[in-house]
Amino acid sequence: HFDYHGGPAGTAIMIYESGGYMARRAVWWLAMSGVFERHPGLRLVITEQFEGWWRQTLHEMDVVGARFGPDMELAERPSEYVKRSVFATFQDDPIGPATHHIFGADNYMWASDFPHSDSTFPDSQEWIRDNFQGVDAAVRRKIVHDNVVSLYGMELG
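Procedures and definitions
- Residues numbered from 1 in each chain as written.
- Predicted model: local features only at pLDDT ≥ 70, side-chain atom pairs only at ≥ 80, totals over all residues.
- Heavy atoms only, no water.
- Patch = residues over 30% accessible without salt bridge, like charges linked within 9 Å, V, L, I, M, F, W, Y side chains within 5 Å.
- Areas by Shrake-Rupley, 256 points an atom, 1.4 Å probe, with all protein chains shown as cover.
- Salt bridge = Lys/Arg side-chain N within 4 Å of Asp/Glu carboxyl O.
- Helix = DSSP H or I, 4+ residues; strand = E, 2+ residues; numbered from the N terminus.
- Buried < 20%, exposed > 50% of the residue type's maximum accessible area, 1.4 Å probe, protein only.
- Arc of directions from axis to C-beta.
- Phe/Tyr/Trp six-rings, centres within 6.5 Å; stacked < 30°, edge-to-face > 60°.
- Pairing = 2+ DSSP bridges.
- Axes fitted to C-alpha atoms, helices over the stretch in contact; angles between N-to-C directions.

1. Some details on a nonpolar patch on the surface
- On the surface, Tyr152, Met154 and Leu156 cluster together into a nonpolar patch covering about 330 Å² of accessible area.
- By the secondary structure assignment, methionine 154 is in the segment after helix 9 (137–151).

2. A few points about helix 5 (residues 78–85)
- Of all the residues in helix 5, the buried ones are Pro78, Ser79, Tyr81, Val82 and Ser85. Here the buried residues of helix 5 occupy an arc of 160° about the axis, which is enough to place them on one side.

3. Quick notes on the packing of aromatic side chains
- Counted according to the given criterion, the structure contains seven aromatic pairs.
- Ring centres 6.0 Å apart and planes at 20° place the aromatic pair tryptophan 110 and tryptophan 127 in the stacked group. Of this pair, tryptophan 110 sits in strand 3 (residues 108–110) while tryptophan 127 sits in helix 8 (residues 124–131); the two residues are 17 residues apart in sequence, bridging distant segments of the chain. Tryptophan 127 carries the same exposure label as tryptophan 110, and that label is buried.

4. What about the sheet that holds strand 1 (residues 44–46)?
- With parallel pairing, three strands are arranged side by side in an open sheet as 1-2-3. Two strands close off the open sheet at either side, each with one partner strand: strand 1 and strand 3. With strand direction ignored, the average angle separating the axes of adjacent strands in the sheet is 25°.
- In this structure, strand 2 (residues 86–90) lies alongside strand 3, joined through three bridges in parallel fashion. Looking at strand 3, one finds that alanine 88 is bridged to tyrosine 108.

So this is what it looks like as structure tokens:
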């Protein structure tokens, strides 16, 4: 047991440790154990993560898969299951818009995190404008609107 609140920066350290690795580890557990293969309709949404971790994680999973593939008994590389089954949200992380081509524009969802105090609201439109510069308008629309509507089966009237 760690006393995160007993010293300087405790809360910041707790947030960093409970996010990151611990929040993302379900990705490789579900992909590499074959759960996504056996349940192709299963979707996992990873929220409030900084998005720079995707490239390295997908690469590492595929390297491990190539080395230990017979033990995993998967028909495809682990990254292929992740790209079909995992969705990621990001809030005020400029890496998200810049790396959609790595993970896939269909799997990213931008979130304002409203009504939390660290939300981009009421400046969300400005954040989107400033951080999606150079991103194709159709890709931007997917990330800030279409993907969440599709994933959650929303009907917008």
